[in-house]
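These are the residues of each chain, in order.
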Amino acid sequence: MMFALDQLILLPILLPLTLGALLVLLRGHEQLKFVVSLGGTLCLLTAALALYLLTDREVWPNGVGVYLAGNWMAPFGISLVVDRLAALMLLLSTVIASAALIFSRRRWSRAGVHFHSLFQFLLTGINGSFLTGDLFNLFVFFEIMLAASYGLLLLGLQPRRIRASMQYVVINLIASSIFLIGIALIYAACGTLNLADLSQRATSLDDTQRLLLETGAAILAIAFLTKGAMWPLGFWLPATYAAAAPPVAAMLVLMTKVGIYVILRLWLLIFAGQEDHWHTLSGMALVAGGLLTLCFGTLGLLSNLEPGRMAGFSAIVSSGTLLIAIGYGGPAVVSAALFYLVSSTLAVAAFMLLLELIERIRDPGAELLAQTMEAFDIDDAADESAGVAIPAATAFLGLSFVTCALIMAGLPPLSGFVAKFSLLHALLNPASASLAVSTLTFVIIALVIFSGLAAIIALLRFGVRVFWSIPGMKPPRLHLSEALPASGLLLLCILLSLGAGPASDYLARTSAALHQPGQYSERVLSSTPVPGAGIPDGEIP
Amino acid sequence: MEAIIAIAIGILFASGVWLILRPRTFQVIIGLMLMSYAVNLFIFIMGRLTVNQPPLTTTRNIDSSQFADPVTQALVLTAIVIGFATTALYLVLLLTSRGLTGTDHVDGREPRL
């Protein structure tokens, strides 16, 4: 039974990889491709849900499942590890992927040749980054994810997208080089790249090795913070988000969170529990970077009128808040930050999907869209009968927009408010004396509240301009497959606020497990290969 | 020997950095390639410099200082392949951009003078 369960850990990587390869072969069968792709993504959703339950019920000891690829013992072979945090992120990524995929059915999936394959490869990369148990595989999955995202960003091949992609690709190639330098330094210091092994060895290094490890970790952090869009490494983000097609932009929102996830994981695994100057210093660097990111995002949000850029800046605001919380530290703060992560990712992704629909009221975007459609010979008229146009489109859009704005700004009664409230509560009620309330705490609280205020001002201004001040507005035609994903994501946010109690309990357990890296590494290193499957028994001929 | 390799990597990387800060896409791609060469060499020497020594053996209980580190060799192979693929992808993008915008400037348009 356990053997079968262990295989489930591999599924979120293997399934999209296989499907992506198979979908390349299906040429021209758009409907079939969509059905296969969606079926695969829904399977992943089920698998992620199963992993979520398995880790939380502690079916595996300590809620950590390990899959030893190639049946090699942990520090030597490739290990895939799922714990509560990884399962949560998997669930989040598959939910957003399903929404983006359904949204893309009507238009975007046909704007490029291999949309579905690239989409599945993107999922492989994202899921792999969440599941991998060693640094070098993290690099490999990161590259898979990035390569797929380059292709998806170019979808439709408009000059604006090409220009944005050129910068996005160069920045990510440089970040990958930096990533490799960090990995090499950490290997030189510790002689291992397995995260669990690193976590144990980091405590028993001499001074020279320790210095190498710290340098390596700092260099590695530059790569992840570029991905996570910390100021000043996040300048690429607004232009890229604004240029991407809506379903792709929703996936990009998720990819920023991959950077944040890795920082959370590495930092807590390797450096947590070591109350030394380095820990304090790196924590302060994250808090300071987060504060600057928050300021940058807030100012950007206030100064931009273009919706795509506004969405980009709200993603930066969310990154900034998360970085502050991670750097500040403490189980309660991290647990609140995870709640914020889930709620803000869902909301910003929904906002990305809504934007295109809202743009149809405003119209200037329709022209660009028409160009793409013409270039790729998409016949819109033939499709009119296929989808069901939903009634009261303007009311629906208005309502969804308000919900989205409330969550993103953190106003009651929705999940954004719950997240921010619990974050502020955790900041003001420190668990240990080393995290006592100080001036810094109040600066953070003031900035977080101010960023919420700025978000609501910017979003209201946008809402008023779109919904109230256009004379002779025609209600746009919305199809069910376009309205459903965004409203589904928002519905999840609403459910999250209704079930805030159980959700917070779960996240508190997640955060508590993260703060005990010993359990994680012990579990990974003690997992045994499957017996009798032709393992080398040590006798070399 | 360590000093020579270190200086070589430094020069490669510095040239790469200088080139990616240039405005033409061709300069940028050459810069990226130089940087990835530097990084690959860097990973390779992290297993310590050894000359004429094998990475693998079939005998047990060996003196590990008599062998080259096989892990960095495996890592660098993967890094080379991935770097090669992504650089090729950028090359395609570069040509597309040149074709669609008519300029090889990284911004997709000539700076106004």
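Not measured: the values here are computed from a predicted model.

### Describing the overall build of chain B
No. 1: Summing up its helical and strand segments, chain B has three helices and zero strands in all.
No. 2: Secondary structure elements in chain B, listed N-terminal to C-terminal, are α-α-α.
No. 3: In summary, chain B has a C-alpha radius of gyration of 19 Å against a globular reference of 13 Å for 113 residues, an excess of more than 25%.
No. 4: A principal-axis box enclosing the C-alpha atoms of chain B has dimensions of 70 × 25 × 15 Å.
No. 5: Across the 113 residues of chain B, 32% fall into the buried class.
No. 6: A fraction of 55% describes how many contacts in chain B between residues 6 or more apart in sequence connect residues 24 or more apart.
No. 7: Here chain B has roughly 7000 Å² of accessible surface; of this, 67% comes from carbon and sulfur atoms.
No. 8: Of the side-chain charges in chain B, 7 are positive and 6 negative, and the distance between the mean point of each set is 10 Å.

### Here we look at the pattern of salt bridges
Residues and elements named next belong to chain A.
No. 1: One pass over the full model with this rule turns up eight salt bridges over all chains.
No. 2: Here Arg265 ties to Asp83 by a salt bridge, and the two come within 2.4 Å at their closest N and O atoms. Here Arg265, found in helix 10 (residues 246-271), pairs with Asp83, found in the loop between strand 2 (78-82) and helix 3 (84-104); they are 182 residues apart in sequence, far enough to count as distant. This pair shows no difference in class: Arg265 is buried, exactly as Asp83 is.
No. 3: Between Glu306 and Arg160 there is a salt bridge whose closest N-O contact spans 2.9 Å. Here Arg160 lies in helix 6 (residues 159-190) and Glu306 lies in the loop between helix 11 (277-303) and helix 12 (307-328), a separation of 146 residues in the sequence.

### Re the nonpolar core
No. 1: With 215 residues, the main nonpolar core has Leu135 and Met251 of chain A together with Tyr90 of chain B as its most contacted residues.
No. 2: Sort the elements by how many residues they give to this core and helix 13 (residues 331-362) of chain A lands first, with 22 residues.
No. 3: Not counting residues up to four positions away in its chain, the partners in contact with Leu135 of chain A are Phe179, Ile183, Ile186, Leu193, Leu195, Leu198, Leu220 and Leu266 of chain A.

### Describing the interface of chain A and chain B
No. 1: Residue-level contacts link 27 residues of chain A with 31 residues of chain B.
No. 2: At the boundary of chain A and chain B, one finds zero salt bridges.
No. 3: Viewed at the interface, chain B and chain A are joined by one residue pair in polar contact (both at pLDDT 80 or more).
No. 4: When residues of the side of chain A that touches chain B are assigned to their parent elements, the largest contribution, 16 residues, is made by helix 6 of chain A.
No. 5: Grouping the amino acids of the side of chain A that touches chain B by side-chain chemistry returns 21 nonpolar, four polar and two charged.

### Thoughts on the confidence of the model for chain B
Residues and elements named next belong to chain B.
No. 1: Confidence in the prediction of chain B, expressed as mean pLDDT, is 87, and 99% of residues score 70 or more.
No. 2: Considering each helix and strand of chain B separately, the mean pLDDT is smallest for helix 3 (residues 70-101), with a value of 88, and largest for helix 1 (residues 2-20), with 94.
No. 3: Overall fold confidence (pTM) sits at 0.90, and the ipTM for the predicted complex is 0.93.

### Things to note about a nonpolar patch on the surface
Residues and elements named next belong to chain A.
No. 1: A cluster of nonpolar side chains, namely Leu491, Leu492, Leu495 and Leu498, defines an oily patch on the protein surface of about 400 Å² accessible area.
No. 2: Mapped onto the secondary structure, Leu492 falls in helix 18 (residues 480-498).
No. 3: On the basis of relative accessible area, Leu492 is assigned to the partly exposed category, the value being 33%.

### What to know about the packing of helix 1 of chain B against helix 2 (residues 25-45) of chain B
Residues and elements named next belong to chain B.
No. 1: The contact between helix 1 and helix 2 brings their axes to 7 Å, and the two run at 155 degrees. In this view, helix 1 runs roughly antiparallel relative to helix 2, as classed from their interaxial angle. For the pair helix 1 and helix 2, the sense of crossing is left-handed.
No. 2: Split into classes, the residues belonging to the contact of helix 1 with helix 2 amount to 18 nonpolar, four polar and no charged.

### Let's talk about unusual backbone geometry
No. 1: Cis rather than trans, the peptide bond between Trp231 of chain A and Pro232 of chain A has omega equal to 0 degrees.
No. 2: Within the element layout of this structure, Pro232 of chain A appears in the loop between helix 8 (207-227) and helix 9 (236-243).
No. 3: One non-glycine residue with positive phi stands out, namely Glu58 of chain A, at about 55 degrees.
No. 4: Position of Glu58 of chain A relative to the elements: it lies in the loop between helix 2 (30-56) and strand 1 (65-69).
No. 5: A positive phi angle is found at Asn52 of chain B, which is not glycine, with a value near 60 degrees.
No. 6: Take Asn52 of chain B: it is sitting in the loop between helix 2 and helix 3.
No. 7: Accessibility expressed as a relative area gives 79% for Asn52 of chain B, which makes it exposed.

So, how was this worked out
Residues numbered from 1 in each chain as written. Chains lettered and ligands numbered in written order. Predicted model: local features only at pLDDT ≥ 70, side-chain atom pairs only at ≥ 80, totals over all residues. Heavy atoms only, no water. Helix = DSSP H or I, 4+ residues; strand = E, 2+ residues; numbered from the N terminus. Rg over C-alpha atoms; globule rule 2.2 N^0.38 Å. Buried < 20%, exposed > 50% of the residue type's maximum accessible area, 1.4 Å probe, protein only. Contact = heavy atoms within 4.5 Å. Areas by Shrake-Rupley, 256 points an atom, 1.4 Å probe, with all protein chains shown as cover. Lys, Arg positive; Asp, Glu negative; His and termini not counted. Charge placed at Lys NZ, Arg CZ, Asp CG, Glu CD. Salt bridge = Lys/Arg side-chain N within 4 Å of Asp/Glu carboxyl O. Core = buried A, V, L, I, M, F, W, Y, C linked by side-chain atoms within 4.5 Å. Polar contact = N/O pair within 3.5 Å; in protein donor to acceptor, adjacent residues only side chain to side chain. Nonpolar A, V, L, I, M, F, W, Y, C, P; charged D, E, K, R; others polar. pLDDT = per-residue confidence, 0-100. Patch = residues over 30% accessible without salt bridge, like charges linked within 9 Å, V, L, I, M, F, W, Y side chains within 5 Å. Axes fitted to C-alpha atoms, helices over the stretch in contact; angles between N-to-C directions. Parallel < 35°, antiparallel > 145°, perpendicular 65-115°, else oblique. Left-handed = near helix turned anticlockwise from the far one by under 90°.

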